[in-house]
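Residue strings, one per chain:
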Amino acid sequence: MKLHCQIEVINRLHSTLNIRSSGKYLKSTLALIKEPKSEAEYSLLLFSTVNKTGTKYRVKSVKQMFIKFINEGKATIRFEEPPHDLCIKCEHIQLKCFVKLLRSCIAGDTKSINLAKLSSVAVTHKESPTKLVIRDRSAFPNKGFPRTLEFLTISGLNLCNFRRDILLLKQLVVLDLSNNVIEHIPPEFGDMPNLAELNLANNKLGVKGVIDWRWLLRLQVKNKLKLLELSGNELKYLPKSIWKLQSLVTLKVDNNLLEHLPNTIGRMNNLRYLTIALNKLTSLPCSMLQLRLDYIDVSDNKLNDRDTEQSKMVKRNPWEMYVNSLVDIAARVVVKQKITYAPNTIPWTLVEYLDDANSCVCGEPVMNKEHYSFKEYQLKYYCHVVVSDENRKGTVSFLCYYCSPKCM
Ligand SMILES: [Zn+2]
């Protein structure tokens, strides 16, 4: 039996410590249940607007019941352990029935207990689900997602919009939204406090050309995200700001329309697994030589198609390399020393400028884009496992920048 009522819970321990009770009656539900494993054991479950997980009181530990004002719809149940008094306000006939049933339970008068009246919420409510897999629209929970979810999969439903109720799942660690038609991720998504793995494979993020990547710049996601799967999204580019995902270990961007990777990718210090197969890449940024990758898949690109004509160094006066603007010199120091910067601390034009920094083959930051050439490198010297198209020399074309003539 469930009693919909208003309840104030008084902790008697507080009154002995001279802590006053709030005097607030909260909208609550009190359910009388039979313990599934025991023949004659009953419990009371209390839920309220602030206590959604529920508190269980054993009927055995009811010490006293105060029912002097039951005709006015008021009663108090005192428990031995925990030392709580439940002060109940309710419609008086319902309250009387409830108290009568409770008395029968206390007395162990099994004949007069109508078992059908006992609630069976205990077993179902005790589980707080942490995992939910939805592969069918009918599988969406009627009452919304349980807030306790840590793993959520919503896959293969042709979902057009990112469901905003996902933003409420503060415990979420793994989110799989693969095989939908999502075009946009809201910036607030970057505030998910515990998200470590995000699978957005086979959606439509790149279909409109311009992509809103602002969620990547939020503090929580920058510090927490370890796996990002963006394969099959018709992406034409990756944002320069992707390097700000400083915890990222695995990045998968296979089967897109990428023609180049951002130079900043070399700044992703924790990146270990990178898959960029099935794109239109003709070269890789030489900053990638600074990464310590365990695994890279570059197959099905155009990384070996570069003709020798293009590979020639663009001839410039080498002295131009030594003479830099003050902004260039300052920017090189900021990048080299890994000084944090963001649009809220410096003008966004400077943020763009710093995000644009290239990396010399020696690892030094380079701000100018004038001095570059395409060079062939053997990836196997830079990465433990390399998956690539077979070519004669086993090399891959890199777009290289230079900090000084010595590095050329
Ligand atoms: Zn250099």
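Our subject is the structure listed above.
This one's a predicted model, so the numbers in the text were calculated from it and none came from an experiment.

Definitions and limits used
Residues numbered from 1 in each chain as written. Predicted model: local features only at pLDDT ≥ 70, side-chain atom pairs only at ≥ 80, totals over all residues. Heavy atoms only, no water. Donors = N, O, S within 2.8 Å, 3.2 Å for Na, K, Ca; no water. Tetrahedral: all angles 85-135°; square planar, octahedral: opposite > 155°, others 65-115°. Helix = DSSP H or I, 4+ residues; strand = E, 2+ residues; numbered from the N terminus. Expected span 1.5 Å × (residues − 1). Buried < 20%, exposed > 50% of the residue type's maximum accessible area, 1.4 Å probe, protein only. Contact = heavy atoms within 4.5 Å. Patch = residues over 30% accessible without salt bridge, like charges linked within 9 Å, V, L, I, M, F, W, Y side chains within 5 Å. Areas by Shrake-Rupley, 256 points an atom, 1.4 Å probe, with all protein chains shown as cover. Salt bridge = Lys/Arg side-chain N within 4 Å of Asp/Glu carboxyl O. Core = buried A, V, L, I, M, F, W, Y, C linked by side-chain atoms within 4.5 Å. Axes fitted to C-alpha atoms, helices over the stretch in contact; angles between N-to-C directions. Parallel < 35°, antiparallel > 145°, perpendicular 65-115°, else oblique. Left-handed = near helix turned anticlockwise from the far one by under 90°. Pairing = 2+ DSSP bridges. Arc of directions from axis to C-beta.

A. Just the coordination of the zinc ion, in detail. Around the zinc ion, the protein supplies Cys360 (SG), Cys362 (SG), Cys403 (SG) and Cys407 (SG) as donor atoms, at distances of 2.2 to 2.3 Å. Taken together, the four donor atoms coordinating the zinc ion span angles of 104 to 113° at the metal, a pattern that classifies the geometry as tetrahedral.

B. Helix H2 (residues 92-107), seen in detail. Across its 16 residues, H2 extends 22 Å between first and last C-alpha, which sits within 8% of the 22 Å expected from 1.5 Å per residue. Taken as a whole, H2 has its buried residues at Leu95, Phe98, Val99, Leu101, Leu102, Ser104 and Cys105. Check the buried side of H2 and you find it contacts strand S1 (2-11), strand S2 (26-34), strand S3 (42-48), strand S5 (62-66), strand S6 (74-79) and strand S7 (84-89). Gly108 lies just past H2 and shows a positive phi near 70°.

C. Here's a closer look at a nonpolar patch on the surface. A cluster of nonpolar side chains, contributed by Leu326, Ile329, Val333 and Ile339, occupies part of the molecular surface with about 390 Å² of accessible area. The exposure class of Val333 is partly exposed, given its relative accessible area of 44%.

D. Seen up close, the side chain of Ser299. Relative to the elements of secondary structure, Ser299 occurs in the loop between strand S16 (293-297) and helix H5 (308-311). Apart from the residues within four sequence positions on either side, Ser299 is in contact with Ala277, Leu278, Val387, Ser388 and Asp389.

E. Representation of the nonpolar core within the structure. Judged by nonpolar contacts, the single largest core of 80 residues is most densely connected at Phe145, Leu152, Ile154, Ile166, Phe189 and Leu284. No other element matches strand S21 (residues 396-401), which puts five residues into this core. Once residues lying within four places of it in the same chain are set aside, the contact partners of Leu284 are Leu261, Ile276, Val298, Leu303, Val396, Ser397, Phe398 and Leu399. Grouped together as the second largest cluster of nonpolar side chains are 26 residues, Leu30, Tyr42, Val59 and Phe79 included.

F. Representation of the packing of helix H7 (residues 326-336) against helix H8 (residues 348-355) in the model. Running from N to C, H7 and H8 point in directions that differ by 70°, and their axes come no closer than 10 Å. One way to sum up the angle between H7 and H8 is to call them roughly perpendicular. You can see that H7 and H8 cross each other, and the crossing is right-handed. Between H7 and H8, the contacting residues are Val327, Asp328, Ala331, Val334 and Val335 on the first element and Leu350, Tyr353 and Leu354 on the second.

G. Layout of the pairing of strand S8 (residues 131-134). Burial along S8 is one-sided: the residues Leu132 and Ile134 are buried and none of Lys131 and Val133 is. Relative to strand S9 (residues 151-154), S8 runs parallel, the two being bridged by four bridges. Across the sheet, the residue bridging to Val133 is Thr153, located in S9.

H. Quick peek at the pattern of salt bridges. The full count for this structure, using the stated rule, is 13 salt bridges. For the salt bridge of Arg218 with Asp191, the shortest nitrogen-to-oxygen distance reads 2.7 Å. Here Asp191 lies in the loop between strand S10 (174-176) and strand S11 (197-199) and Arg218 lies in the loop between S11 and helix H4 (219-224), a separation of 27 residues in the sequence. Residue Asp191 is classed as partly exposed on the basis of its relative accessible area, which comes to 33%.

I. Broad picture of H8. Buried residues of H8: Val351, Leu354 and Asp355, and no others. Take H8 and look down its axis: the buried residues cluster within an arc of 100°, on one side only. Against H7 lie the buried residues of H8.

J. Molecular detail of unusual backbone geometry. The omega torsion of the bond from Glu81 to Pro82 falls at -5°, within 30 degrees of zero and hence cis. Looking at where Pro82 falls in the secondary structure, it is placed in the loop between S6 and S7. Although it is not a glycine, Asn158 sits at a positive phi angle of roughly 55°. One can find Asn158 in the loop between S9 and S10. On the basis of relative accessibility, which here comes to 52%, the residue Asn158 falls in the exposed class. Backbone geometry at Asn255 places phi at a positive 55°, although glycine is not the residue there. For Asn255, the location among the structural elements is in the loop between strand S13 (250-252) and strand S14 (273-275). The class of Asn255 is partly exposed, set by a relative accessible area of 42%.

K. Structural view of the environment of Val361. By the secondary structure assignment, Val361 is in the loop between strand S17 (358-359) and strand S18 (365-366). For Val361 and Tyr402, which are 41 residues apart along the polypeptide, the C-alpha to C-alpha distance reads 6.6 Å. Apart from the residues within four sequence positions on either side, Val361 is in contact with Cys286, Gln290, Tyr377, Cys400, Tyr401, Tyr402 and Cys407.

L. Focus on the sheet that holds strand S4 (residues 55-58). A sheet is described by the order of its strands in space; here seven strands give the open sequence S4-S3-S2-S1-S7-S6-S5, paired in antiparallel fashion. Each edge of the open sheet carries a strand with a single partner, namely S4 and S5. For this sheet, the mean angle separating the axes of adjacent strands, direction not counted, is 30°. Relative to S2, S1 runs antiparallel, the two being bridged by six bridges. Looking at S2, one finds that Lys2 is bridged to Ala31.

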